[in-house]
Amino acid sequence: MKNLFRVFCFESGNYFKSKSYMLSTILICVLAIVVISLPGLLKGSSDKGEGEKADNVIAETIAICDPSNIVSDELISSYGKAEIKRLPSADEVKAAVESEETAAGFVIHSTHEYDYYVYNKSIMEDTQEIFSELMSTAAKMKYCEEHQLNYDEMVKLDEKNIVCHEKILGKDSTSNYWYSYVLVILVFMVIVMYGMMIATSVANEKSNRTVELLVTSTPSSSLLFGKVFAGAAAILFQLGLIFTSLLGAYHFNKDTLGDMLGVIFDIPTDVLVTFAVFGLGGFLIYAFMYGALGGLVSKIEDLNKSAGTAQMLVMIIYFLVLFQMQEPDGIIMKVLSFLPVSSYSAMFIRIAMGTVATWEIILSAVILYASVIGMGFIAAKMFRNSTLRYGNPIKITNALKSFSK
C-alpha cells in the first residue's frame with residue numbers, strides 16, 4: 001500500500017505539474033464560461049439598443065413588380081420600414097437588383113407565387129422567409145375581401161391559443177435526450193484520451209528501460225494501479241472544474257438564457273450521481289486494459305496496434321449505445337447496462353430516459369466494480385509478465401497464456 005501511494009503521488013504530480021494539463025483545464029473553463037454567458041450578453045446589448053434598432057426586417061430598399069396589386073405598401077410597411085420601388089416589369093426588377101440599386105426584388109405572379117431576386121445572399125439572410133409570411137397574409141386578406149369575410153376576426157381566431165397542461169407521470173425522454181447524448185460523448189472521449197495517456201506512459205517507461213529500475217523497488221502491480229488511480233484523480237479534478245464552470249455560468253445567466261440550454265444543463269441529481277459512479281467505473285476498467293496493453297510493446301510506435309483492441313471495443317460500445325438511445329427499455333440496452341464494458345454509459349441512459357428498478361442499478365454497479373477489481377489484477381499480471389520482455393509486441397493470447405505458468 002505504501003508503494004502504491006508513492007506511485008500515485010508521483011504520477012498525480014506529473015499531471016498537476018504539467019503546464020499543458022493545467023493550461024488546457026483553465027482555458028476550457030474560461031471558454032465554457034464565455035460561451036455560456038455570451039447569449040445573455042448579446043441579448044442584453046440588443047435590448048439596450050432596441051429603441052434605436054432599425055425596423056428594416058425585409059430590406060432597406062426593395063423593388064416590386066405586382067401587376068395585380070396583391071401586396072399593398074401598407075402591408076409591407078407593417079413588416080418593416082423599407083423604401084419601396086414599384087416597377088412595371090420583371091426585367092426592370094432584375095436590373096435594379098443587379099445594379100444594386102435595391103437590396104432585393106420581388107415579382108408577384110399570384111397570391112401564392114412570386115420570384116425573389118437578390119444579388120449576394122448572406123448566411124443570415126431571412127428576407128425570403130419574411131416576404132413569404134407577408135404573401136400569406138396578403139392571400140388571406142384577398143380571400144376575405146372576395147368572400148366578404150372580416151379579416152380581423154379571422155386573425156383573432158387564428159391567434160387563439162390552445163392551452164395544454166402536460167402531465168408526465170414517468171420520465172420525459174425528449175427533454176432528457178440531449179444531456180444524455182452529451183454525457184455519452186463525454187465519457188467516451190475521457191476513456192479514449194486518458195486511456196491512451198496511461199498506455200503511452202507504460203510503454204514509454206518500458207521503451208527507455210526505466211521500468212527495469214522501478215520493478216526492483218516497487219511491485220509491478222503497484223506501478224500499474226498507481227498510474228490508473230492517478231489518471232482517475234486527474235480526470236475528476238479536470239471534469240470537476242469544467243462542470244462547475246459550466247453549471248455556475250448557466251445558473252448565473254439562467255434568466256437571460258431562458259430555456260435555451262435547459263435541455264442540456266438541467267440534469268437531475270440521480271442522473272449526475274449515476275454518471276459519476278458508472279463513469280468512474282467504466283474509466284477504471286478501460287484504464288487497466290489500456291495499461292496492460294501498453295506493457296505488451298517495447299516501442300511507442302507499436303502502441304496503436306496493441307491498444308487497437310481496447311479502442312475498437314470502446315468504439316463498438318459507443319455506437320451501440322448511441323443507436324439504442326431512443327429505445328432505453330429495449331432488450332439490447334438492458335443487456336448493455338449489465339455488461340461491465342458498457343454499463344458505464346448504458347445504465348445512466350436507462351435511468352435518464354427509461355424505466356429501471358433500484359435492484360438493477362445496484363446489481364449493475366456491483367458487477368462493474370467487481371469487474372474493475374478483476375481487470376486490475378489481470379492487467380497487473382499481464383504487466384508483470386511482460387515487463388522485461390522486449391522485441392516484437394507480445395500478442396494478447398500469449399500474454400493470457402502466461403497466467404497458467
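Summary of the structure given here. (Residues numbered from 1 in each chain as written. Predicted model: local features only at pLDDT ≥ 70, side-chain atom pairs only at ≥ 80, totals over all residues. Heavy atoms only, no water.)

### Describing the sheet that holds strand β4 (residues 113-117)
Then, number 1: Strand order across the open sheet formed by four strands is β2-β1-β3-β4, with mixed pairing between neighbours. Each edge of the sheet is formed by a strand with only one pairing partner; in this case those strands are β2 (83-86) and β4. On average, adjacent strands in this sheet sit at an angle of 20° to one another, irrespective of strand direction.
Then, number 2: Where strand β1 (residues 61-65) and strand β3 (residues 104-110) come together, four bridges link them in parallel fashion. Within β3, the position partnered with Ile62 by the bridge is Ala104. (Pairing = 2+ DSSP bridges. Helix = DSSP H or I, 4+ residues; strand = E, 2+ residues; numbered from the N terminus. Axes fitted to C-alpha atoms, helices over the stretch in contact; angles between N-to-C directions.)

### Things to note about the pairing of β3
Then, number 1: Burial runs high along β3: six of the seven residues are buried.
Then, number 2: Between β3 and β4, which pair antiparallel and follow one another directly, the connecting turn spans two residues. (Buried < 20%, exposed > 50% of the residue type's maximum accessible area, 1.4 Å probe, protein only.)

### A look at unusual backbone geometry
The phi angle of most residues is negative, glycine excepted, and most peptide bonds adopt the trans form.
Then, number 1: At Glu100, a residue that is not glycine, the phi angle is positive and equals roughly 60°.
Then, number 2: Structurally, Glu100 can be placed in the loop between α4 (90-98) and β3.
Then, number 3: Relative accessible area serves as the criterion here: at 56%, Glu100 is assigned to the exposed category.
Then, number 4: In the Ramachandran plot, Gln148 falls in the positive-phi region, its phi being about 55° despite a non-glycine side chain.
Then, number 5: The residue Gln148 is located in the loop between α5 (127-146) and α6 (151-158) in this model.
Then, number 6: Classification of Gln148 by relative accessible area gives exposed; the value is 75%.

### Quick word on a nonpolar patch on the surface
Then, number 1: Taken together, Met312, Ile316, Leu320, Ile331, Ile332, Val335 and Leu339 make up a surface patch of nonpolar side chains, about 620 Å² in accessible area.
Then, number 2: When residues of the nonpolar patch are traced back to their parent elements, those giving at least two are α13 (303-323) and α14 (331-336).
Then, number 3: Relative to the helices and strands, Leu320 is located in helix α13.
Then, number 4: Residue classification places Leu320 among the partly exposed positions, given a relative accessible area of 32%. (Patch = residues over 30% accessible without salt bridge, like charges linked within 9 Å, V, L, I, M, F, W, Y side chains within 5 Å. Areas by Shrake-Rupley, 256 points an atom, 1.4 Å probe, with all protein chains shown as cover. Salt bridge = Lys/Arg side-chain N within 4 Å of Asp/Glu carboxyl O.)

### Focus on the side chain of Gln324
Then, number 1: Mapped onto the elements of the fold, Gln324 is located in the loop between α13 and α14.
Then, number 2: Among all residues touching Gln324, those that are not within four sequence positions of it are Ile332 and Met333. (Contact = heavy atoms within 4.5 Å.)

### Comments concerning the environment of Leu246
Then, number 1: Tracing the backbone through its elements, the reader meets Leu246 in helix α9 (residues 220-252).
Then, number 2: On a C-alpha basis, the gap between Leu246 and Ser37 in space is 9.7 Å, while along the polypeptide they are 209 residues apart.

### Focus on the nonpolar core
Then, number 1: Residues Tyr194, Phe283, Tyr286, Tyr290, Val321 and Ile349 are the most contacted members of the largest nonpolar core, which totals 70 residues.
Then, number 2: Listed by contribution, the elements that provide at least two residues to this core are α1 (2-17), α7 (173-207), α9, α12 (269-294), α13, α14, α15 (343-353) and α16 (358-386).
Then, number 3: Residues within four places of Tyr290 in sequence aside, it is in contact with Ile191, Val192, Gly195, Met196, Ala199, Ala307, Ala310, Gln311 and Val314.
Then, number 4: Residues Ile64, Ile108, Tyr114 and Ile130 belong to the second largest nonpolar core, which totals 17 residues. (Core = buried A, V, L, I, M, F, W, Y, C linked by side-chain atoms within 4.5 Å.)

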